[in-house]
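Chains, contacts and geometry: an overview
The lines below spell out each chain.
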Amino acid sequence: MSIYLDHAATTPIDARVVARMADVMASVHGNPSSTHNPGRIARGLVETARDDLAALIAGQSGQIVFTSGATEADNLALFGLMRGAPAEQRHLVTSRIEHRAILDAARQLEAEGVRVTYVDADREGRVPVSAVEAAIGPQTRAVSVMWVNNETGVIQDVMAMAAICRARGVIFHSDAAQALGHLPIRLCDTGIDLASLSAHKMGGPAGVGALWVGARAAPLLKPILFGGGQEHGWRPGTLPLHQIVGLGEASRIAAEQLAQDIAHYQAMTELLAARLSTLPSVQRNGPAELRAPHILNLAFGGVDGEALHASLPGLAISGGSACGAERGEPSYVLRSLGRDDPAAEASIRFSVGRQTTENDIELAAKIVENAVKKLRSLWSD
Amino acid sequence: MVRLIGREPYSAQVLRLFEMTPRAGRAGTGPDWATGESHEPLSATQVRAHLRVVSDQILEARYEVRGCPVTVAAAALIAERWSGRTLPDARIAPRAVLADLEASVSKLGRVLVVESAFQKALQAARTNA
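Summary of the structure given here. By convention here, each chain's residues receive numbers from 1 onward along its written sequence. Written order decides the labels, with chains lettered from A and ligands numbered from 1. For a predicted model such as this one, the threshold for reporting local features is a pLDDT of at least 70, and the threshold for listing and counting side-chain atom pairs is 80 or more; totals across whole chains, interfaces and linings nevertheless cover every residue. For the side-chain quantities, the full set of heavy atoms in the structure was used; hydrogens and water were omitted.

All names here are of chain A. Between its terminal C-alpha atoms helix α9 (residues 258-276) stretches 27 Å, which fits the 27 Å expected from 19 residues at 1.5 Å a residue. Where α9 is concerned, the buried positions are L258, D261, Y265, M268, T269, L271, L272, A273 and L276. Only heavy atoms matter for contacts: two residues are in contact if any of them lie within 4.5 Å across the pair. Secondary structure elements follow DSSP: runs of H or I no shorter than four residues count as helices, runs of E no shorter than two count as strands, and numbering proceeds from the N terminus. In the core, the buried residues of α9 are packed alongside α8 (241-256), β9 (282-284), β10 (295-300), β12 (347-351) and α14 (358-377). To estimate how far a helix should extend, the number of its residues minus one is multiplied by 1.5 Å. Three exposure classes are used, based on accessible area relative to the maximum for each residue type with a 1.4 Å probe and protein chains only: buried under 20%, partly exposed in between, and exposed over 50%.

Residues and elements named next belong to chain A. Here G84 is to be found in the loop between α3 (70-82) and β3 (91-95). Accessibility expressed as a relative area gives 35% for G84, which makes it partly exposed. Through-space distance from the C-alpha of G84 to that of I136 is 19 Å; in sequence the pair is 52 residues apart.

So, on to empty space enclosed by the protein. Cavity means a closed set of points on a 1 Å grid over the protein atoms alone, one where a 1.4 Å probe fits but cannot get out, pocket means an open set with protein on both sides within 12 Å along at least 5 of 7 lines, and lining means a residue has an atom within 4 Å of a point. Grid points are joined across faces, edges and corners, and a volume is the space filled by probe spheres set on the points. Going through the model one piece at a time under the given rule, you end up with 2 cavities of 30 Å³ or more. The calculated volume of the largest cavity comes to roughly 80 Å³. In terms of lining residues, the largest cavity is bounded by H7(A), T11(A), P12(A), D14(A), H182(A), K201(A), M202(A), G203(A), Y265(A), G353(A), R354(A) and Q355(A). Each residue is assigned to one class: nonpolar for Ala, Val, Leu, Ile, Met, Phe, Trp, Tyr, Cys and Pro, charged for Asp, Glu, Lys and Arg, and polar for all the others, Gly among them. A class-by-class count of the residues in the lining of the largest cavity yields 3 nonpolar, 6 polar and 3 charged. Per the annotation, domain bounds derive from an automatic or database assignment of domains. Taken domain by domain, the makeup of the lining of the largest cavity includes at least three residues from each of domain 1 (3-11 + 258-380) and domain 2 (15-256) of chain A. If you go around the second largest cavity, the residues you meet are G302(A), V303(A), D304(A), A307(A), L375(A), L378(A), V65(B), R66(B), G67(B) and V72(B). Looking at the lining of the second largest cavity, its residues break down into 6 nonpolar, 2 polar and 2 charged.

Structure (C-alpha coordinates):
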(Lines give C-alpha, C1' and ligand atoms only; values in the text may rest on other atoms or scores of the structure.)
Protein backbone atom coordinates (compact mmCIF):
# COMPACT_ATOMS: atom_id res chain seq x y z
CA MET A 1 0.00 0.00 0.00
CA SER A 2 1.51 3.30 -1.08
CA ILE A 3 1.17 6.69 0.51
CA TYR A 4 -0.21 8.69 -2.36
CA LEU A 5 1.56 12.03 -2.72
CA ASP A 6 1.19 12.53 -6.45
CA HIS A 7 -2.01 14.54 -6.65
CA ALA A 8 -0.49 16.93 -9.17
CA ALA A 9 -0.37 13.97 -11.56
CA THR A 10 -3.93 12.97 -10.83
CA THR A 11 -6.22 12.95 -7.82
CA PRO A 12 -8.38 10.11 -6.58
CA ILE A 13 -11.91 10.74 -7.77
CA ASP A 14 -14.01 12.14 -4.95
CA ALA A 15 -16.59 9.59 -3.79
CA ARG A 16 -19.35 12.13 -4.34
CA VAL A 17 -18.24 12.53 -7.93
CA VAL A 18 -18.19 8.77 -8.46
CA ALA A 19 -21.70 8.48 -7.05
CA ARG A 20 -23.01 11.28 -9.24
CA MET A 21 -21.38 9.86 -12.37
CA ALA A 22 -22.63 6.35 -11.62
CA ASP A 23 -26.13 7.65 -11.10
CA VAL A 24 -26.08 9.47 -14.43
CA MET A 25 -24.58 6.51 -16.28
CA ALA A 26 -27.25 4.24 -14.84
CA SER A 27 -30.22 6.47 -15.36
CA VAL A 28 -29.64 8.93 -18.20
CA HIS A 29 -29.06 7.79 -21.75
CA GLY A 30 -29.94 10.73 -23.95
CA ASN A 31 -27.59 12.54 -26.27
CA PRO A 32 -27.42 16.13 -25.06
CA SER A 33 -27.77 17.29 -28.66
CA SER A 34 -31.06 15.42 -29.17
CA THR A 35 -34.31 17.35 -28.92
CA HIS A 36 -36.40 14.57 -27.38
CA ASN A 37 -37.02 14.25 -23.68
CA PRO A 38 -34.02 12.04 -22.75
CA GLY A 39 -31.84 14.40 -24.78
CA ARG A 40 -33.23 17.41 -22.97
CA ILE A 41 -32.58 15.75 -19.61
CA ALA A 42 -29.00 15.10 -20.66
CA ARG A 43 -28.66 18.68 -21.92
CA GLY A 44 -29.89 19.95 -18.59
CA LEU A 45 -27.21 17.98 -16.78
CA VAL A 46 -24.54 19.31 -19.13
CA GLU A 47 -25.65 22.87 -18.53
CA THR A 48 -25.76 22.37 -14.77
CA ALA A 49 -22.18 21.11 -14.92
CA ARG A 50 -21.24 24.10 -17.05
CA ASP A 51 -22.80 26.41 -14.47
CA ASP A 52 -20.95 24.68 -11.64
CA LEU A 53 -17.61 25.03 -13.41
CA ALA A 54 -18.40 28.65 -14.28
CA ALA A 55 -19.17 29.36 -10.64
CA LEU A 56 -15.83 27.91 -9.56
CA ILE A 57 -13.88 30.14 -11.93
CA ALA A 58 -16.17 33.19 -11.85
CA GLY A 59 -16.73 33.01 -15.55
CA GLN A 60 -19.87 32.87 -17.61
CA SER A 61 -21.30 29.47 -18.48
CA GLY A 62 -21.46 30.34 -22.16
CA GLN A 63 -17.71 30.87 -22.21
CA ILE A 64 -16.92 27.26 -21.32
CA VAL A 65 -16.04 24.73 -24.03
CA PHE A 66 -15.84 21.17 -22.80
CA THR A 67 -12.83 19.19 -24.02
CA SER A 68 -11.17 15.89 -23.24
CA GLY A 69 -8.87 17.62 -20.78
CA ALA A 70 -6.35 20.42 -20.39
CA THR A 71 -4.06 19.07 -23.11
CA GLU A 72 -6.81 19.29 -25.68
CA ALA A 73 -7.79 22.70 -24.33
CA ASP A 74 -4.17 23.86 -24.73
CA ASN A 75 -4.12 22.54 -28.29
CA LEU A 76 -7.42 24.19 -29.11
CA ALA A 77 -6.17 27.49 -27.70
CA LEU A 78 -2.84 27.53 -29.50
CA PHE A 79 -3.75 25.94 -32.82
CA GLY A 80 -7.15 27.62 -32.81
CA LEU A 81 -5.55 31.03 -32.45
CA MET A 82 -2.40 30.62 -34.50
CA ARG A 83 -3.55 28.62 -37.49
CA GLY A 84 -6.15 31.23 -38.24
CA ALA A 85 -3.77 34.13 -37.74
CA PRO A 86 -3.03 36.48 -40.62
CA ALA A 87 0.53 36.36 -41.94
CA GLU A 88 1.54 39.48 -40.03
CA GLN A 89 0.44 37.99 -36.69
CA ARG A 90 2.09 34.62 -36.69
CA HIS A 91 4.15 35.06 -33.54
CA LEU A 92 3.57 33.23 -30.26
CA VAL A 93 5.27 33.91 -26.94
CA THR A 94 5.50 31.23 -24.29
CA SER A 95 7.96 30.09 -21.60
CA ARG A 96 10.48 27.28 -21.47
CA ILE A 97 8.89 25.77 -18.38
CA GLU A 98 5.44 25.15 -19.79
CA HIS A 99 3.79 21.75 -19.73
CA ARG A 100 4.56 19.55 -22.73
CA ALA A 101 1.03 20.16 -23.95
CA ILE A 102 2.12 23.72 -24.72
CA LEU A 103 5.74 23.11 -25.69
CA ASP A 104 4.99 20.28 -28.09
CA ALA A 105 2.12 22.26 -29.62
CA ALA A 106 4.44 25.27 -29.98
CA ARG A 107 7.04 23.13 -31.74
CA GLN A 108 4.40 21.86 -34.13
CA LEU A 109 3.33 25.44 -34.80
CA GLU A 110 6.96 26.31 -35.54
CA ALA A 111 6.99 23.49 -38.08
CA GLU A 112 3.93 25.12 -39.61
CA GLY A 113 5.69 28.47 -39.96
CA VAL A 114 4.71 30.21 -36.73
CA ARG A 115 7.51 32.10 -35.00
CA VAL A 116 7.72 31.17 -31.32
CA THR A 117 9.66 33.01 -28.61
CA TYR A 118 10.46 30.98 -25.50
CA VAL A 119 10.97 33.12 -22.40
CA ASP A 120 13.33 31.78 -19.72
CA ALA A 121 12.27 31.44 -16.11
CA ASP A 122 14.44 32.91 -13.37
CA ARG A 123 16.29 30.75 -10.81
CA GLU A 124 13.19 30.56 -8.65
CA GLY A 125 11.08 29.26 -11.50
CA ARG A 126 9.22 32.49 -12.13
CA VAL A 127 8.61 33.71 -15.65
CA PRO A 128 9.52 37.41 -15.43
CA VAL A 129 6.69 39.67 -16.52
CA SER A 130 9.25 42.06 -17.98
CA ALA A 131 10.68 39.29 -20.16
CA VAL A 132 7.24 38.43 -21.46
CA GLU A 133 6.59 42.08 -22.19
CA ALA A 134 9.93 42.41 -23.98
CA ALA A 135 9.16 39.38 -26.13
CA ILE A 136 5.89 40.85 -27.42
CA GLY A 137 6.27 42.49 -30.80
CA PRO A 138 4.02 43.93 -33.46
CA GLN A 139 3.46 40.45 -34.93
CA THR A 140 2.56 38.76 -31.65
CA ARG A 141 -0.83 37.12 -31.77
CA ALA A 142 -0.80 35.37 -28.41
CA VAL A 143 1.09 34.74 -25.19
CA SER A 144 0.71 31.47 -23.27
CA VAL A 145 2.07 31.09 -19.73
CA MET A 146 0.85 28.52 -17.24
CA TRP A 147 -0.80 29.73 -14.03
CA VAL A 148 0.85 27.24 -11.68
CA ASN A 149 3.89 25.22 -12.67
CA ASN A 150 3.07 21.54 -12.40
CA GLU A 151 6.53 20.58 -11.10
CA THR A 152 7.49 23.37 -8.72
CA GLY A 153 4.08 24.77 -7.86
CA VAL A 154 5.31 28.29 -8.61
CA ILE A 155 2.46 30.71 -9.25
CA GLN A 156 3.16 32.91 -12.25
CA ASP A 157 2.02 36.50 -12.30
CA VAL A 158 -0.56 35.82 -14.98
CA MET A 159 -2.67 38.85 -14.05
CA ALA A 160 0.19 41.22 -14.84
CA MET A 161 0.97 39.37 -18.05
CA ALA A 162 -2.68 39.43 -19.06
CA ALA A 163 -2.87 43.17 -18.41
CA ILE A 164 0.16 43.81 -20.59
CA CYS A 165 -1.24 41.62 -23.34
CA ARG A 166 -4.55 43.43 -23.20
CA ALA A 167 -2.80 46.79 -23.50
CA ARG A 168 -0.82 45.53 -26.49
CA GLY A 169 -3.78 43.92 -28.23
CA VAL A 170 -2.42 40.41 -27.72
CA ILE A 171 -4.45 37.37 -26.59
CA PHE A 172 -3.32 35.82 -23.31
CA HIS A 173 -3.80 32.11 -22.65
CA SER A 174 -3.00 30.27 -19.43
CA ASP A 175 -2.92 26.57 -18.67
CA ALA A 176 -4.71 26.61 -15.33
CA ALA A 177 -4.81 22.84 -14.79
CA GLN A 178 -2.86 23.03 -11.50
CA ALA A 179 -4.55 26.23 -10.38
CA LEU A 180 -8.13 25.00 -10.63
CA GLY A 181 -9.34 23.82 -7.25
CA HIS A 182 -6.10 24.92 -5.61
CA LEU A 183 -6.27 28.69 -5.87
CA PRO A 184 -9.18 31.12 -5.89
CA ILE A 185 -9.78 31.85 -9.56
CA ARG A 186 -11.90 34.71 -10.84
CA LEU A 187 -11.41 34.68 -14.57
CA CYS A 188 -13.78 37.59 -15.08
CA ASP A 189 -11.38 39.81 -13.09
CA THR A 190 -8.07 38.68 -14.51
CA GLY A 191 -7.87 39.91 -18.08
CA ILE A 192 -7.02 36.38 -19.15
CA ASP A 193 -8.56 35.54 -22.52
CA LEU A 194 -8.27 31.76 -22.59
CA ALA A 195 -7.76 29.27 -19.76
CA SER A 196 -7.27 25.50 -19.93
CA LEU A 197 -8.95 23.50 -17.19
CA SER A 198 -8.90 19.87 -16.10
CA ALA A 199 -11.18 17.74 -13.93
CA HIS A 200 -8.80 15.05 -12.73
CA LYS A 201 -6.50 17.38 -10.82
CA MET A 202 -9.32 18.30 -8.44
CA GLY A 203 -11.17 15.10 -7.65
CA GLY A 204 -12.93 14.74 -10.98
CA PRO A 205 -12.53 12.07 -13.64
CA ALA A 206 -9.71 11.96 -16.19
CA GLY A 207 -10.72 12.53 -19.78
CA VAL A 208 -12.65 15.74 -19.38
CA GLY A 209 -11.71 19.37 -19.07
CA ALA A 210 -12.55 22.69 -20.62
CA LEU A 211 -11.27 25.72 -22.38
CA TRP A 212 -12.62 28.97 -21.01
CA VAL A 213 -12.97 31.41 -23.89
CA GLY A 214 -13.19 35.08 -23.03
CA ALA A 215 -14.93 37.64 -25.17
CA ARG A 216 -11.77 39.01 -26.81
CA ALA A 217 -10.53 35.58 -27.86
CA ALA A 218 -13.83 34.20 -29.11
CA PRO A 219 -13.87 35.87 -32.55
CA LEU A 220 -10.26 34.80 -33.19
CA LEU A 221 -10.50 31.17 -32.09
CA LYS A 222 -10.97 28.64 -34.89
CA PRO A 223 -11.90 24.97 -34.37
CA ILE A 224 -9.23 22.34 -34.83
CA LEU A 225 -11.65 19.41 -34.98
CA PHE A 226 -14.56 19.10 -37.38
CA GLY A 227 -17.64 16.97 -37.40
CA GLY A 228 -20.51 18.69 -35.64
CA GLY A 229 -21.66 21.92 -34.16
CA GLN A 230 -21.30 21.10 -30.47
CA GLU A 231 -19.69 23.54 -28.08
CA HIS A 232 -20.24 26.56 -30.33
CA GLY A 233 -18.56 24.64 -33.14
CA TRP A 234 -15.22 24.74 -31.32
CA ARG A 235 -15.33 21.19 -30.09
CA PRO A 236 -17.46 18.89 -32.19
CA GLY A 237 -18.42 15.40 -31.06
CA THR A 238 -21.04 13.88 -28.82
CA LEU A 239 -20.65 15.28 -25.34
CA PRO A 240 -19.48 12.68 -22.79
CA LEU A 241 -22.33 13.22 -20.38
CA HIS A 242 -21.07 11.29 -17.36
CA GLN A 243 -17.60 12.84 -17.67
CA ILE A 244 -19.02 16.33 -17.86
CA VAL A 245 -21.31 15.65 -14.92
CA GLY A 246 -18.22 14.44 -13.03
CA LEU A 247 -16.40 17.67 -13.85
CA GLY A 248 -19.41 19.67 -12.74
CA GLU A 249 -19.71 17.82 -9.46
CA ALA A 250 -15.98 18.15 -8.79
CA SER A 251 -16.30 21.88 -9.48
CA ARG A 252 -19.27 22.22 -7.15
CA ILE A 253 -17.39 20.45 -4.36
CA ALA A 254 -14.22 22.46 -4.98
CA ALA A 255 -16.16 25.74 -4.86
CA GLU A 256 -17.91 24.68 -1.68
CA GLN A 257 -14.74 23.81 0.24
CA LEU A 258 -11.99 25.74 -1.54
CA ALA A 259 -10.82 27.70 1.48
CA GLN A 260 -10.79 24.57 3.62
CA ASP A 261 -8.94 22.61 0.92
CA ILE A 262 -6.31 25.30 0.46
CA ALA A 263 -5.68 25.49 4.20
CA HIS A 264 -5.35 21.70 4.33
CA TYR A 265 -2.94 21.52 1.36
CA GLN A 266 -0.86 24.32 2.82
CA ALA A 267 -0.68 22.66 6.23
CA MET A 268 0.32 19.31 4.73
CA THR A 269 3.10 20.65 2.47
CA GLU A 270 4.43 22.91 5.23
CA LEU A 271 4.53 20.00 7.65
CA LEU A 272 6.41 17.89 5.13
CA ALA A 273 8.84 20.71 4.36
CA ALA A 274 9.45 21.23 8.08
CA ARG A 275 10.07 17.53 8.69
CA LEU A 276 12.46 17.14 5.76
CA SER A 277 14.29 20.39 6.42
CA THR A 278 15.95 18.67 9.36
CA LEU A 279 18.02 16.75 6.81
CA PRO A 280 21.14 18.55 5.61
CA SER A 281 21.50 19.52 1.93
CA VAL A 282 17.82 19.65 1.12
CA GLN A 283 16.83 22.50 -1.16
CA ARG A 284 13.44 23.66 -2.22
CA ASN A 285 12.98 23.82 -5.97
CA GLY A 286 11.17 27.10 -6.31
CA PRO A 287 10.29 29.68 -3.69
CA ALA A 288 8.57 29.02 -0.38
CA GLU A 289 6.13 31.84 -1.09
CA LEU A 290 3.93 32.39 -4.12
CA ARG A 291 3.51 28.71 -4.80
CA ALA A 292 0.42 26.59 -5.09
CA PRO A 293 -0.41 25.07 -1.70
CA HIS A 294 -0.48 21.43 -2.86
CA ILE A 295 2.98 21.10 -4.41
CA LEU A 296 6.35 20.83 -2.69
CA ASN A 297 9.43 20.07 -4.76
CA LEU A 298 12.67 19.27 -2.95
CA ALA A 299 16.18 18.47 -4.16
CA PHE A 300 18.19 16.05 -2.03
CA GLY A 301 21.93 16.62 -2.26
CA GLY A 302 24.47 13.83 -2.01
CA VAL A 303 22.28 11.04 -3.33
CA ASP A 304 21.73 9.52 -6.73
CA GLY A 305 18.28 10.37 -8.02
CA GLU A 306 17.47 6.95 -9.41
CA ALA A 307 18.62 5.28 -6.20
CA LEU A 308 16.53 7.70 -4.18
CA HIS A 309 13.38 6.98 -6.14
CA ALA A 310 14.09 3.25 -6.05
CA SER A 311 14.43 3.48 -2.27
CA LEU A 312 10.89 4.80 -1.89
CA PRO A 313 8.62 2.03 -3.17
CA GLY A 314 6.14 2.82 -0.41
CA LEU A 315 5.58 6.32 -1.70
CA ALA A 316 3.67 7.32 -4.79
CA ILE A 317 5.66 10.41 -5.71
CA SER A 318 7.05 11.92 -8.85
CA GLY A 319 10.50 13.04 -9.97
CA GLY A 320 9.17 15.79 -12.14
CA SER A 321 5.93 15.73 -14.02
CA ALA A 322 4.26 12.38 -14.43
CA CYS A 323 4.06 13.18 -18.11
CA GLY A 324 7.87 13.52 -18.24
CA ALA A 325 8.62 10.45 -16.13
CA GLU A 326 7.87 8.10 -19.01
CA ARG A 327 10.74 9.55 -21.01
CA GLY A 328 13.20 9.01 -18.16
CA GLU A 329 14.86 12.37 -18.69
CA PRO A 330 15.81 14.82 -15.95
CA SER A 331 13.17 17.51 -15.59
CA TYR A 332 13.61 20.37 -18.06
CA VAL A 333 11.78 22.60 -15.60
CA LEU A 334 14.30 21.95 -12.83
CA ARG A 335 17.20 22.29 -15.26
CA SER A 336 15.83 25.69 -16.23
CA LEU A 337 16.07 26.65 -12.55
CA GLY A 338 19.79 26.01 -12.79
CA ARG A 339 19.82 22.49 -11.37
CA ASP A 340 22.30 20.17 -13.06
CA ASP A 341 21.10 16.75 -14.19
CA PRO A 342 22.07 14.82 -11.02
CA ALA A 343 20.37 17.45 -8.82
CA ALA A 344 17.28 17.48 -11.02
CA GLU A 345 17.13 13.69 -10.85
CA ALA A 346 17.54 13.71 -7.08
CA SER A 347 14.44 15.87 -6.71
CA ILE A 348 11.03 14.77 -5.57
CA ARG A 349 7.73 16.45 -6.28
CA PHE A 350 5.35 15.80 -3.41
CA SER A 351 1.78 16.83 -4.08
CA VAL A 352 -0.96 16.46 -1.53
CA GLY A 353 -4.70 16.18 -1.78
CA ARG A 354 -7.90 16.22 0.17
CA GLN A 355 -7.34 12.68 1.45
CA THR A 356 -3.77 13.30 2.63
CA THR A 357 -3.52 13.02 6.40
CA GLU A 358 -0.99 14.26 8.90
CA ASN A 359 -0.14 10.63 9.53
CA ASP A 360 0.62 10.16 5.81
CA ILE A 361 2.98 13.11 5.95
CA GLU A 362 4.76 11.95 9.11
CA LEU A 363 5.19 8.48 7.67
CA ALA A 364 6.33 9.77 4.28
CA ALA A 365 8.86 12.11 5.91
CA LYS A 366 10.27 9.22 7.92
CA ILE A 367 10.52 6.99 4.83
CA VAL A 368 12.31 9.69 2.85
CA GLU A 369 14.59 10.56 5.74
CA ASN A 370 15.63 6.93 6.22
CA ALA A 371 16.24 6.44 2.50
CA VAL A 372 18.34 9.59 2.18
CA LYS A 373 20.36 8.75 5.29
CA LYS A 374 21.01 5.22 4.08
CA LEU A 375 22.09 6.33 0.62
CA ARG A 376 24.34 9.02 2.06
CA SER A 377 25.90 6.49 4.44
CA LEU A 378 27.14 4.53 1.43
CA TRP A 379 29.54 7.30 0.46
CA SER A 380 31.95 9.45 2.44
CA ASP A 381 33.26 12.70 0.98
CA MET B 1 11.73 -11.77 -11.75
CA VAL B 2 11.74 -8.08 -12.50
CA ARG B 3 9.94 -5.50 -10.37
CA LEU B 4 9.11 -2.11 -11.78
CA ILE B 5 10.07 0.84 -9.61
CA GLY B 6 9.59 4.20 -11.20
CA ARG B 7 10.85 4.06 -14.73
CA GLU B 8 13.57 1.43 -14.20
CA PRO B 9 12.96 -2.27 -14.00
CA TYR B 10 15.16 -4.05 -11.48
CA SER B 11 15.78 -7.76 -11.10
CA ALA B 12 15.39 -9.53 -7.78
CA GLN B 13 19.19 -9.78 -7.59
CA VAL B 14 19.63 -6.02 -8.03
CA LEU B 15 16.94 -5.31 -5.47
CA ARG B 16 18.48 -7.68 -2.93
CA LEU B 17 21.94 -6.20 -3.26
CA PHE B 18 20.67 -2.62 -3.40
CA GLU B 19 18.50 -3.04 -0.34
CA MET B 20 20.93 -5.12 1.74
CA THR B 21 24.19 -3.51 0.52
CA PRO B 22 26.32 -6.41 1.78
CA ARG B 23 29.97 -5.53 2.43
CA ALA B 24 29.38 -1.80 2.08
CA GLY B 25 31.74 0.29 4.15
CA ARG B 26 34.97 2.15 4.40
CA ALA B 27 38.45 0.63 4.52
CA GLY B 28 39.70 -0.61 7.82
CA THR B 29 42.82 0.79 9.36
CA GLY B 30 46.21 -0.70 8.69
CA PRO B 31 48.63 -1.20 5.83
CA ASP B 32 46.79 -4.26 4.47
CA TRP B 33 44.09 -2.11 2.91
CA ALA B 34 44.28 -0.83 -0.66
CA THR B 35 41.81 1.58 -2.20
CA GLY B 36 40.80 2.48 -5.75
CA GLU B 37 38.34 5.14 -6.80
CA SER B 38 36.49 5.95 -9.98
CA HIS B 39 33.78 8.36 -10.99
CA GLU B 40 31.70 9.39 -13.94
CA PRO B 41 30.87 13.08 -13.76
CA LEU B 42 27.82 13.22 -16.03
CA SER B 43 25.73 10.98 -13.81
CA ALA B 44 27.75 11.90 -10.68
CA THR B 45 28.42 8.20 -10.11
CA GLN B 46 31.22 7.58 -7.62
CA VAL B 47 32.68 4.29 -6.49
CA ARG B 48 35.48 3.57 -4.04
CA ALA B 49 36.70 -0.01 -3.65
CA HIS B 50 38.67 -1.21 -0.64
CA LEU B 51 40.59 -4.50 -0.51
CA ARG B 52 42.32 -6.02 2.47
CA VAL B 53 45.05 -8.17 0.99
CA VAL B 54 47.42 -10.43 2.87
CA SER B 55 49.85 -12.76 1.14
CA ASP B 56 48.22 -12.45 -2.26
CA GLN B 57 44.80 -13.19 -0.88
CA ILE B 58 41.86 -10.78 -0.65
CA LEU B 59 40.67 -11.30 2.90
CA GLU B 60 37.95 -8.72 2.58
CA ALA B 61 36.46 -6.44 -0.08
CA ARG B 62 34.37 -3.38 0.73
CA TYR B 63 33.00 -0.47 -1.24
CA GLU B 64 31.57 2.98 -0.97
CA VAL B 65 29.21 4.11 -3.67
CA ARG B 66 27.00 6.93 -4.83
CA GLY B 67 25.05 5.72 -7.79
CA CYS B 68 21.97 4.05 -9.17
CA PRO B 69 20.69 0.71 -7.85
CA VAL B 70 22.56 -1.25 -10.52
CA THR B 71 25.81 0.52 -9.59
CA VAL B 72 25.29 -0.32 -5.93
CA ALA B 73 24.38 -3.90 -6.78
CA ALA B 74 27.40 -4.32 -9.05
CA ALA B 75 29.75 -3.07 -6.33
CA ALA B 76 28.15 -5.40 -3.79
CA LEU B 77 28.32 -8.36 -6.18
CA ILE B 78 32.00 -7.87 -6.92
CA ALA B 79 32.82 -7.32 -3.25
CA GLU B 80 31.04 -10.57 -2.38
CA ARG B 81 32.86 -12.51 -5.10
CA TRP B 82 36.31 -11.10 -4.49
CA SER B 83 36.33 -11.64 -0.76
CA GLY B 84 38.48 -14.73 -0.21
CA ARG B 85 39.95 -14.87 -3.69
CA THR B 86 43.62 -14.70 -4.56
CA LEU B 87 44.83 -11.71 -6.53
CA PRO B 88 45.28 -13.64 -9.79
CA ASP B 89 41.71 -14.93 -9.47
CA ALA B 90 40.23 -11.49 -8.94
CA ARG B 91 38.77 -10.64 -12.33
CA ILE B 92 35.71 -8.81 -13.53
CA ALA B 93 33.85 -9.24 -16.80
CA PRO B 94 31.47 -6.24 -16.88
CA ARG B 95 29.05 -7.84 -19.32
CA ALA B 96 28.92 -10.95 -17.16
CA VAL B 97 28.16 -8.76 -14.13
CA LEU B 98 25.32 -7.16 -16.08
CA ALA B 99 24.02 -10.59 -17.01
CA ASP B 100 24.24 -11.85 -13.43
CA LEU B 101 22.30 -8.80 -12.29
CA GLU B 102 19.82 -9.18 -15.15
CA ALA B 103 20.43 -5.50 -15.81
CA SER B 104 19.93 -3.60 -19.02
CA VAL B 105 22.92 -3.03 -21.27
CA SER B 106 22.22 0.68 -20.84
CA LYS B 107 23.78 0.24 -17.41
CA LEU B 108 27.11 -0.99 -18.80
CA GLY B 109 28.68 2.44 -18.26
CA ARG B 110 27.84 2.34 -14.57
CA VAL B 111 29.28 -1.17 -14.21
CA LEU B 112 32.46 0.02 -15.90
CA VAL B 113 32.83 2.70 -13.20
CA VAL B 114 32.56 -0.05 -10.58
CA GLU B 115 35.02 -2.23 -12.44
CA SER B 116 37.48 0.65 -12.72
CA ALA B 117 37.40 1.30 -8.96
CA PHE B 118 38.01 -2.37 -8.12
CA GLN B 119 40.78 -2.66 -10.72
CA LYS B 120 42.50 0.39 -9.25
CA ALA B 121 42.22 -1.09 -5.78
CA LEU B 122 43.68 -4.33 -7.10
CA GLN B 123 46.54 -2.43 -8.68
CA ALA B 124 47.16 -0.58 -5.42
CA ALA B 125 47.18 -3.88 -3.54
CA ARG B 126 49.76 -5.32 -5.94
CA THR B 127 51.91 -2.22 -5.53
CA ASN B 128 51.67 -2.53 -1.75
CA ALA B 129 52.75 -6.15 -1.98
